[in-house]
Amino acid sequence: MTRLFLVADDPSAGALRRSGFADLVVPILHRFVWGPLPSDAELSANLAQRTARRKRGHWLDFASRGDFKAVGGRSHSFLELVDRCDSVELWMGTRPNDQLVLIWLLDYLRDHAEIATKIVLRHVDVPLFDAPAGRRAGRMMAGVELARAHLDLGHLAWQAFRAPTPQAWSDLLKQDLSALPQLRRCVQEMLDELPGVATGLGASELRILELLSAGYQHPFDLLPHHRDRFQRRVYDYWEGGTLLDGLALARVPAIAGLAEWPFSVEMHDRRESLERYTASTLSLTPLGKAILAGEEDFSSHNPIRRWWGGTELTNANLWRWHAVLVAPDPGMPDLIDCREPWCAISWDMREEAYSAACA
């Protein structure tokens, strides 16, 4: 009997492999919380059978080679592998990106309902890597067979996240989301990452400023790998470093003292650069202090250009969140100037850094 577990991050995959309860564990490592979303065609190709022409960008890229020898390697399409395994379970965690991977897969499976009926959804309620996986898998978190309600809700949520404005995603809070127990939390945490009405910053950016104000002065003290300190886990290590770059390298910065940039794989590979980065003594600029005091808006002084789901946020298209969704001000000028160094940092580094880190 071949038992397949699907997860959305490497630490959870490792924990479940060590538990011994699965024959195959596949981490699906797409990052949907950051940067522009892949097209429908790209996502479908990712789940298709691997071809000689397409050696990278496949859903099994990060699966263990040794585990897959028994089933003929890592070239299967998603549907093919699901079909040939005796049981399939979705162990998607509590963090927003895990839930986004889940609704993407449910949306995909909606057109293949005959395959979906053999898949079990485990209601994971805590990070799998925070406790011994053997004990956790042994008591088996509650699981349910996928039903039409799961597929329809996944479709609704995925299409809302891909929409060109956050309105449909915000409207999910009015829906019954109980079929996917962690989805409501995901919806709320992603909305919190929209620019704030008063600050122009998302919740994670604001948390970096708060930590700096509390006395944490060095870059690695401010990044989200400190889960007890950072409080929220929307972004990962690489994305957090890019957020810090954006605050420190903006036209009118909120943070001073960053001695090395950008936060990239290349910087980590250069010992002297990494040492300079690590030793940076950071401080709040006058703008940073004013933002924390509720007296200034980051977007009034700096170009904004980033993606939130299917929404491209710019100064002229700045959707904001403060308990309710606030539409862009039609009179707001667009301050974008892509000759500024931070514009390149936000995007060009993302895929390269994450792929290299996971390789």
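Structure's up top.
Overview of the structure. (Residues numbered from 1 in each chain as written. Predicted model: local features only at pLDDT ≥ 70, side-chain atom pairs only at ≥ 80, totals over all residues. Heavy atoms only, no water.)

**Focus on the side chain of arginine 50**
Right, so step 1: For arginine 50, the position within the fold is in the loop between helix H2 (40–47) and helix H3 (65–68).
Right, so step 2: For arginine 50, the side chain forms a polar contact with the side chain of aspartate 61, separated by 2.8 Å. (Helix = DSSP H or I, 4+ residues; strand = E, 2+ residues; numbered from the N terminus. Polar contact = N/O pair within 3.5 Å; in protein donor to acceptor, adjacent residues only side chain to side chain.)

**A closer look at the packing of aromatic side chains**
Right, so step 1: Across all of its chains, the model carries 17 aromatic pairs by this definition.
Right, so step 2: On the numbers, 6.0 Å between centres and 80° between planes, the contact of phenylalanine 78 with tyrosine 108 is edge-to-face. On the criterion of sequence distance, the pair formed by phenylalanine 78 in helix H4 (residues 78–84) and tyrosine 108 in helix H5 (residues 96–109) is long-range, its members being 30 residues apart.
Right, so step 3: In this structure tyrosine 108 comes out as buried when scored by relative accessible area, which is 18%.
Right, so step 4: An aromatic cluster is present here, built from Phe32, Trp104, Trp158, Phe161, Trp169 and Trp308 joined pairwise through their rings. (Phe/Tyr/Trp six-rings, centres within 6.5 Å; stacked < 30°, edge-to-face > 60°. Buried < 20%, exposed > 50% of the residue type's maximum accessible area, 1.4 Å probe, protein only.)

**Some points on the pairing of strand E4 (residues 119–122)**
Right, so step 1: Of the two faces of E4, both are covered, the one formed by Ile119 and Leu121 as well as the one formed by Val120 and Arg122.
Right, so step 2: Sheet topology note: the strand E3 (residues 87–90)/E4 ladder contains 3 bridges and is parallel. Residue valine 88 lies in a different strand from E4, and its bridge partner there is isoleucine 119.
Right, so step 3: In terms of strand pairing, E4 meets strand E5 (residues 143–145) through 3 bridges, oriented antiparallel. The partner of arginine 122 across the bridge, within E5, is glycine 143. (Pairing = 2+ DSSP bridges.)

**Let's talk about the sheet that holds strand E2 (residues 24–27)**
Right, so step 1: Pairing is mixed in the open sheet, where 5 strands are placed in the order E2-E1-E3-E4-E5. A strand with exactly one partner marks an edge of an open sheet, and here the two such strands are E2 and E5. Between one strand axis and the next, the sheet turns through 25° on average, direction left out of account.
Right, so step 2: Strands in contact with helix H1 (residues 10–19) are strand E1 (3–7) and E2; relative to E2, the strand with the most contacts, it is inclined by about 175°. (Axes fitted to C-alpha atoms, helices over the stretch in contact; angles between N-to-C directions. Contact = heavy atoms within 4.5 Å.)

**Points about the pattern of salt bridges**
Right, so step 1: Scanning all chains against the criterion turns up 17 salt bridges.
Right, so step 2: For aspartate 221, the salt bridge identified is with arginine 229, shortest N-O distance 3.9 Å.
Right, so step 3: One network of salt bridges, in which partners are shared, links Arg3, Glu89 and Arg122. (Salt bridge = Lys/Arg side-chain N within 4 Å of Asp/Glu carboxyl O.)

**Some thoughts on H2**
Right, so step 1: Of all the residues in H2, the buried ones are Leu43, Asn46 and Leu47. Looking straight down H2, one finds its buried side chains confined to an arc of 90°; they lie on one side.
Right, so step 2: Those residues of H2 that are buried lie in contact with H4, H5 and helix H8 (148–162). (Arc of directions from axis to C-beta.)

**With respect to the environment of alanine 290**
Right, so step 1: Tracing the backbone through its elements, the reader meets alanine 290 in helix H16 (residues 286–292).
Right, so step 2: Exposure remark for alanine 290: the relative accessible area of 12% places this residue in the buried category.
Right, so step 3: Apart from the residues within four sequence positions on either side, alanine 290 is in contact with Glu295 and Glu296.

**Some thoughts on the packing of H5 against H8**
When two helices pack together, their arrangement is given by the angle between the helix axes and the distance between those axes.
Right, so step 1: Their axes nearest at 7 Å, the elements H5 and H8 cross at an angle of 115°. Once H5 is placed against H8, the crossing between them reads as left-handed. Contact with H5, carried on its side by Leu100, Ile103, Trp104, Leu106, Asp107 and Leu109, involves His150, Leu151, Gly154, His155, Ala157, Trp158, Gln159 and Phe161 of H8 and no other residues of that element.
Right, so step 2: Residue composition of the contact of H5 with H8, by class: 9 nonpolar, 4 polar and 1 charged. (Left-handed = near helix turned anticlockwise from the far one by under 90°. Nonpolar A, V, L, I, M, F, W, Y, C, P; charged D, E, K, R; others polar.)

**Things to note about the nonpolar core**
Right, so step 1: Counting residues in hydrophobic clusters, the biggest one holds 90 residues, and the most contacted among them are Phe78, Leu90 and Trp169.
Right, so step 2: By residue number, the principal contributor to this core is H5, which donates 9 residues.
Right, so step 3: If near-sequence neighbours (up to four positions away) are discounted, phenylalanine 78 is found in contact with Leu6, Leu47, Trp59, Leu105, Tyr108 and Leu109. (Core = buried A, V, L, I, M, F, W, Y, C linked by side-chain atoms within 4.5 Å.)

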